[in-house]
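Report on the structure
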Amino acid sequence: MSDLQRPAADWELQFVIAGCAERRVPIEIIGSGSKRAIGRPVDGTVTVTTTSLRGISLYEPNELVMSARAGTTLSHIEAELAARGQMLPFEPIDLGPATGGPQGAQTIGAVFATNMSGARRILHGAARDHLLGVRGVNGRAEMFQAGGRVMKNVTGYDVARGLSGSWGTLAVLTEVTFKVIPWPETAATIVFLGLPDNLALELLSVAMALPVEVSGAVHLQASVAERLNHPGLRSLNKSITALRLENFSSAVSGRKHRLKEALKVYGKALELDHRETLEFWGELRRLSVMPNRPTLLWRISTKPTTAPKLVAAIKRYMPAEAFYDWGGSLIWLEVPATADAGTAEIRRVTAIHGGHAMLIRAEPSVRASVEVFQPLSPPLERLTRGLKAAFDPAGILNPGRMYANL
Amino acid sequence: MTLSRMPEPDQAVLDRSSAIIKDLEALIGVDGVISEEEGRRAFEADALTAYRQAPMVVVLPRSTEDVSKVLKYCHRNGLKVVPRGAGTSLCGGALPMADSIVIGMSRMNRVLDADFVNRTITVESGITNLAITDAVSAEGFFYAPDPSSQLACTVGGNLAMNSGGAHCLKYGVTTNNVLGVKMVLIDGEIVDVGGAYPDAEGYDFLALIVGSEGQFGIVTEATLRILPRAESARPVMLGFSSCEAAGQCVAAIIGSGIIPVAIEYMDRPAIAVCEAYAKAGYPLDVEALLIVEVEGYEEETTRLLRDIVDIARSFDPKVVEASTSPEHSARIWKGRKAAFGAMGRISDYYCMDGTIPLGRLPEVLSRIAQICAEHRLKVANVFHAGDGNLHPLILYNANDADEARRAELAGAEILRLCVSVGGCLTGEHGVGIEKRDLMDVQYTPSDLAVQMRIKSVFDPNWQLNPGKVFPLSALEASRASAAADQAA
Ligand SMILES: Cc1cc2nc3c(=O)[nH]c(=O)nc-3n(C[C@H](O)[C@H](O)[C@H](O)COP(=O)(O)OP(=O)(O)OC[C@H]3O[C@@H](n4cnc5c(N)ncnc54)[C@H](O)[C@@H]3O)c2cc1C
Ligand SMILES: Cc1cc2nc3c(=O)[nH]c(=O)nc-3n(C[C@H](O)[C@H](O)[C@H](O)COP(=O)(O)OP(=O)(O)OC[C@H]3O[C@@H](n4cnc5c(N)ncnc54)[C@H](O)[C@@H]3O)c2cc1C
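Because the structure is a prediction, the values reported are computed rather than measured. Starting from 1, residues in each chain are numbered consecutively following that chain's sequence as written. Key to labels: chains lettered from A, ligands numbered from 1, both in the order written. Confidence filtering applies because this is a predicted model: local features only for residues at pLDDT of at least 70, side-chain atom pairs given and counted only at 80 or more, and all residues used for totals across whole chains, interfaces and linings. Excluded from the side-chain calculation are hydrogens and water; included are all heavy atoms of the structure.

Quick word on a nonpolar patch on the surface
Each patch groups residues whose relative accessible area exceeds 30% and which form no salt bridge, using 9 Å between like charges and 5 Å between nonpolar side chains of Val, Leu, Ile, Met, Phe, Trp and Tyr. Every accessible area reported is derived by Shrake-Rupley at a probe size of 1.4 Å, with residue values counting cover from the shown protein chains alone. Salt bridge, as applied in this entry: a Lys or Arg side-chain nitrogen positioned within 4 Å of an Asp or Glu carboxyl oxygen. Together, Trp11, Phe15 and Met143 of chain A give the surface a local cluster of nonpolar side chains, amounting to about 380 Å² of exposed area. Secondary structure elements follow DSSP: runs of H or I of four or more residues count as helices, runs of E of two or more count as strands, with numbering from the N terminus. Inspection of the secondary structure puts Trp11 of chain A in helix H1 (residues 10-23).

If you want it as C-alpha cells, here you go:
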C-alpha cells in the first residue's frame, strides 16, 4: 500500500505535490476510489485522496449554481439539491457496480474529471457542459482557478472545461462550480418491445427529431433486458426500447400522446408511470444491466445510424451484448474476456464505421497491457503530450492512467 | 481613446513584404491574395472601430489545403497571422497588425453535409451563423446559438469567441453545440478534433479550441448539433417601475423551476431608443422592460406564460403584454434585436459585456448608473438577464477625445465592478485587444500562466493573433519562465 495523503486544504495539497514534483515521485489521485478499476492502473508511490476536501461552498438555488469541494460525495450533493427541488442536469452514471467498486460513492470532483454523464445528456448536455469553474493544483504545484461562478464567461481560454475528462492527469481539482436545474414536475416512459437493433435505433432517431424533448432514449437487447430488476420488464424475454419525457404534467401527457402517434408503426407502446420511470432510469444510471462479471465491458461512441451496424460487425468476431444509450450514439458492449480484450477487432471495426471506444472493465493485467482509451491520431497525440507537459512537466500526476508513457 | 499598445511591427518583415506577397500568390493563386492598399483597408478594423490598422496582406483561401499551405509558409518564415471571419468582433479580436497576414475565411462558406437523422450539420467555417439555420429549417431544425449579429458573423468567429445569443439561456452557447472541428495548426498540420459522435477521445481539446480567439489554429470546418424546432415560441413583455423589481422578477422566474428560452432586459434609455427606431410598441413610462420567451406546443406556451405572469404579479408590473400571434411576437422582438443598431444611430457607444451573479443585479445596475454619472456620461442597458450577461452601452462622442477617454475609464470601472461581485470581464464578446490589460483583475499570475502555456502548446512562437487576450507584461513574464523551464 502506498503512502496515503488526505489534504484538507488547497495549500496542503500544494505542499504534497511540491514535495513529489521535486523528487519526481508519482502520485495516484483518487476521490473515493470508485473508478479505480477503470482506465490503466497507476503505480503511485503516494496516493492523494480528495475526500477530506469536502463540503458545499456555495449554493444559490435562484441562480441555478452550486460550488463544492472536490471530495464531496455525489450523494450528498444530490440530496442537498433535491431538498430545494433541483438536480444535476446530466444525471452522472455510476460505474461502481459494473466495475466491482462501491455504489453511490463517487465524488463530485471525479465526476467532472472523468466527464461522467448519463441518459439525460441527450437533452441537457454532458457533465462538461455544466462545468462553470474549477480550482485546482497542477503538477507544478501551482494553485490556480479557471472559469468562475457565472453562467456565461469567455474571459480567457476555457480551461475549466478543458480539464473535464482529463482523469487527474493534468491537475488535482479542489473545487468545482456547476450549473443545476429544477426537477421536472413529473416524468413518464414509453416502452416498445421486441424490436431488432436496427428498427429500434431508427425509432430512437425519429423520436429525437421531434420537438418533444426526449430526456432518455435507450435500447436494451433482449439478453440485456432480462437483467433488469423491474419484474414486469425483466420477464418479457424481449428487447426493450424506451423513451423518457420529463416536464410539467400536462406537457408530459400531451407529448406522450404525440410521441406515440408518431411511432405507432413500431408497435404498441407500454407506459411506465412516474414511480416506475424513476426506478427504470435509476437502474440504468447504475448500469445494473451490465453487472460486474469476468467479462469485458466496452464503451463505444458513434453515430446513431452506425451503431447497429457497428455492433453487428463486432459480432462477426465475438459474441457481444449491447445496451444502447444516448439515442444510439453510445454503446455499452459486453464481450467475453480474452487476453487482448478483443482490442484489435473492436478498434478496427470502430475505425471503419467512425467513432471511438474505451475499455471500461477488464482485469488489471489486461488494462495495463492494451490501450484502454481510444488511441490518438498523430497530431492529437502531439497536442496531448504538449498539454500534459504544460500542466505536469515532471509527469507525476496519475502517470500512465490514460496512456502508457504519459 | 488611450489605446492598448500593439506589439511593434517587425521592420525586417515589412521590408520583405513584396517578396512575401509574391510567394503567397504562387501558393494559392493571384485571385486569393489582396495586397493593394485600398483592398487591405477593408480589413483594417472589426466592430471595435476605435482600433484600426491595415494588414500587410490579406489571403482568402478556398480550401483547408490552401490554409495549410499558407500557415506552413508563415510558420517557416516567422510571420504573424490574424484569422478573420466577418469582422464583427466587438473586442478587436480580428484587428490586424501592420506586419501581419490576415486569413479571411469568407470564401469557405459551404454546407458540406446536413445529417437530419443524426441531427448534425458539417459546414465550412466561413459560413454565416444564420445560413446554418437556413440550411436546416425546411426540415424543422435550427442551430441554437443566435448572436444578434447572426446575419453577418461566421461560425469560425463564433467558435473563436464562444459566442452566445438571446436563446442561450436554454440551449447553451457555442461550446455546448459543437461536436467537432477540422483545424489547421500553425505548422500547417491538419487536425480533426471530435466528430459527429459524443465526447472527446482523450483530452477535451474542443473545449480549449472554442473560445481561443483565433490563437490556437485556423478552424476550417465544424460539425454542429442541430435541434428540432419547437412548434411555437411566444414572448411576454413585462414592464416595471424599478430595476430592482425587474431583477427580482427574473430571479423568481428562474427559481420557480421554469427555464424560459430567453429573458432579455432593457432599461428606460434603451427602451426609448429602440421604440423610436423599431416602433415595437414598448411602454415608455417604465424603468425596466423584460421580454421573456417560452416555447413548446401551443397549449404549453399558454400555460407557461400564465405561470410567468402570475410570478410577475408579485412585483407589481406596470405593463403585462403577452404575444397573441406570430406577428405580435415578431414585433416584440424587433426592438430588442435592433437595439445595438438603433443605439448606434443616435450616438457612438462603448459596449461592455461583463457577467454577474443574478442576485447582484439591482445593486450592480445602480452602481453602473453612478459610475457613468461620475464620468458625466449617459448609459443604456440592454442585456441577457437570465444569465446575468450585462451589456451597458456607454454613450459618448468619438470626436471628443476627452469624452472618449472618460468612456473608457467608466468601462474599465464597470468591468472591475463585475469581477468584484463574483462575475467576469466578458460573457460572450471575448477579450481581444480591448480587455487584454484587465485580465489581471480577474486572474492571478499563475492562472494566467496556466492559460498561456496552453497557447504555447498550439503555437509555440505565438504567431497566431498575437498581442491579444493577455497583458503584454504577463506575456513577457511567461517567456522568461518558459526559458527557465527549458534550462531546467
Ligand atoms: C451588432 C452586433 C451584435 C452582436 N451580437 C452578439 C451577440 O449577441 N452575442 C455574441 O456572442 N456576440 C455578438 N457580437 C460579437 C460578434 O458578432 C461575435 O464575436 C462573432 O462571433 C464574431 O464573428 P465574426 O465572423 O465576425 O468573427 P471576426 O470578428 O472576424 O473574428 C472574431 C475572432 O475570431 C477569430 N476567427 C475568425 N474566424 C476564425 C477561424 N476560422 N478560425 C480561427 N479563428 C477565427 C478572429 O481571429 C477573431 O479573434 C455582436 C457584434 C455586433 C457588431
Ligand atoms: C445547458 C444546455 C441545456 C439544454 N437544454 C435543452 C432543452 O431544454 N431542450 C432541448 O431541446 N435541448 C436542449 N439543449 C440542447 C443541446 O444542444 C443538445 O440537445 C444536447 O446537448 C444534445 O446532447 P447530445 O448527447 O446529443 O450531445 P451532443 O450534442 O453530441 O454534445 C453535447 C456536448 O458534448 C460535447 N461534445 C460532443 N462531442 C464531443 C467531442 N468529440 N469532443 C468534445 N466534446 C464533445 C459538445 O461540445 C457538447 O457541448 C441543451 C443544451 C445545453 C448545453
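A few points about the site of ligand 2
In the vicinity of ligand 2 lie 27 residues, with Arg121, Arg128, Asp129 and Glu213 of chain A together with Val178 of chain B positioned nearest. Neighbouring residues of ligand 2 are not confined to a single chain but are spread across chains A and B. Distance and chemistry together define a polar contact, namely a pair of N or O atoms within 3.5 Å, with one atom able to donate a hydrogen and the other to accept it when in protein, and with adjacent residues in sequence counting only for side-chain atoms on both sides. Here Leu179 of chain B contributes a backbone N or O atom positioned 3.5 Å from a nitrogen atom of ligand 2. Notes on ligand 2: free accessible area 930 Å², of which the protein chains cover 95%. Looking at the shell around ligand 2, the elements with two or more residues in it are helix H4 (121-124) and helix H5 (127-130) of chain A together with helix H7 (168-171) and strand E8 (178-184) of chain B. Looking at the shell around ligand 2, the element that brings in the most residues is H4 of chain A, giving 4 residues. The nearness test applies per residue and asks whether one of its heavy atoms lies within 4 Å of the molecule or strand.

So, the interface of chain A and chain B
The accessible area lost on association of the parts is a frequent measure of interface size. Contacts: residue pairs with any heavy atoms within 4.5 Å of one another. Each partner contributes residues to the interface: chain A has 74 residues there, and chain B has 87 residues. Across the interface of chain A and chain B, roughly 6,700 Å² is buried in total on both sides, 58% from carbon and sulfur atoms. Here's the idea: put two parts together, see how much 1.4 Å probe accessible area each one loses, and the total over both is what we call buried area. Area buried by chain A at its contact with chain B is led by Lys152, Val154 and Tyr157 of chain A, which between them contribute 15% of it. Residue Glu299 of chain B pairs with Arg258 of chain A through a salt bridge whose shortest N-O separation is 3.2 Å. If you look at where chain A meets chain B, you find 28 residue pairs in polar contact (both at pLDDT 80 or more). Listed by contribution, the elements that provide at least two residues to the side of chain A that touches chain B are H5, strand E8 (143-147), helix H6 (159-163), strand E10 (181-182), helix H7 (197-208), helix H10 (249-262), strand E15 (296-301) and helix H15 (378-391) of chain A. Sort the elements by how many residues they give to the side of chain A that touches chain B and H15 of chain A lands first, with 10 residues. Basically, the charged four are Asp, Glu, Lys and Arg, the nonpolar ten are Ala, Val, Leu, Ile, Met, Phe, Trp, Tyr, Cys and Pro, and anything else, Gly included, counts as polar. In the side of chain A that touches chain B, the residues fall into 31 nonpolar, 25 polar and 18 charged.

So, the domain arrangement of chain A
Residue and element names in this part refer to chain A. The assigned domain composition of chain A is domain 1 (1-183 + 376-406), domain 2 (186-285) and domain 3 (296-375). Source of the domain bounds: an automatic or database domain assignment. With centres defined by C-alpha atoms, the gap from domain 2 to domain 3 works out at 24 Å. Taken together, the contact between domain 2 and domain 3 spans 14 residues of the former and 15 residues of the latter. Each partner contributes to the roughly 1,100 Å² buried at the junction of domain 2 and domain 3, and carbon and sulfur atoms together form 54% of this total. Ranking the residues of domain 2 by area buried against domain 3 places Leu201, Gln221 and Arg227 at the top, with a combined share of 39%. Inspection of the domain 2/domain 3 interface yields 2 salt bridges. Residues Glu334 and Arg227 are paired through a salt bridge, measuring 2.8 Å at the closest nitrogen-oxygen approach. Taken together, domain 2 and domain 3 are joined by 7 residue pairs in polar contact (both at pLDDT 80 or more). When residues of the side of domain 2 that touches domain 3 are traced back to their parent elements, those giving at least two are H7, strand E12 (214-220) and helix H8 (222-225).

A look at the sheet that holds strand E17 (residues 378-384) of chain B
Pairing between sheet strands relies on hydrogen bonds along the backbone, with the strands arranged either parallel or antiparallel. Residues and elements named next belong to chain B. For two strands to be treated as a pair, DSSP must find at least two bridges joining them. The strand order E15-E12-E14-E13-E17-E18-E16 describes an open sheet built from 7 strands, whose pairing is antiparallel. Each edge of the open sheet is held by one strand with a lone partner, namely strand E15 (319-322) and strand E16 (348-351). Neighbour-to-neighbour, the strand axes of the sheet open up by a mean angle of 20 degrees, direction not taken into account. Each axis is a line fitted through C-alpha atoms, taken for helices only over the stretch in contact, and angles between the N-to-C directions span 0 to 180 degrees.

A short note on the packing of helix H10 (residues 268-278) of chain B against helix H13 (residues 339-346) of chain B
Residues and elements named next belong to chain B. Where H10 contacts H13, the axes come no closer than 9 Å and their chain directions differ by 90 degrees. Taken together, the axes of H10 and H13 are roughly perpendicular relative to one another. Note on element contacts: H13 touches H10 through Ala339, Ala342, Met343, Arg345 and Ile346, opposite Ala270, Val273, Cys274 and Tyr277. Residues belonging to the contact of H10 with H13 are distributed by class as follows: 8 nonpolar, no polar and 1 charged. Oblique is the label for any angle not covered by the other classes, which are roughly parallel (under 35 degrees), roughly antiparallel (over 145) and roughly perpendicular (65 to 115).

A word on the pattern of salt bridges
Close approach of charged atoms lets side chains of opposite charge pair. The tally for this structure, following the rule as stated, stands at 49 salt bridges over all chains. The partner of Arg121 of chain A in a salt bridge is Asp199 of chain B, with the nearest N and O atoms 3.1 Å apart. Taken together, the residues span two chains, with Arg121 of chain A in helix H4 and Asp199 of chain B in the loop between strand E9 (190-194) and helix H8 (205-209). Take Arg121 of chain A and Asp199 of chain B: they sit in the same class, and that class is buried. Of the charged contacts in the structure, one is a salt bridge between Arg52 of chain B and Glu44 of chain B, with a shortest N-O distance of 3.1 Å. Here Glu44 of chain B falls in the buried class, since its relative accessible area comes to 16%. Residues joined in a network through salt bridges with shared partners are Glu213 and Arg255 of chain A together with Lys170, Glu295 and Glu300 of chain B. When a residue's accessible area, from a 1.4 Å probe over protein chains only, is under 20% of the maximum for its type it is buried; when over 50% it is exposed; and in between it is partly exposed.

Brief notes about the site of ligand 1
Residue and element names in this part refer to chain B. In the vicinity of ligand 1 there are 34 residues, among which Pro83, Gly85, Thr88, Ser149 and Thr154 approach most closely. In this structure, an oxygen atom belonging to ligand 1 sits 2.6 Å away from a side-chain N or O atom of Ser149. In isolation ligand 1 exposes 980 Å². Once the protein is present, 94% of that is buried. If you list the elements that add at least two residues to the shell around ligand 1, you get strand E3 (80-84), helix H6 (155-161) and strand E10 (218-225). Considering every element that reaches the shell around ligand 1, the biggest residue donor is H6, with 5 residues.

Concerning unusual backbone geometry
Residues and elements named next belong to chain A. Its identity as a non-glycine residue notwithstanding, Glu91 has a phi of 50 degrees, on the positive side. You can see Glu91 is positioned in the loop between strand E6 (86-87) and helix H3 (108-113). Taking relative accessible area as the criterion, Glu91 reaches 8% and is therefore assigned buried.

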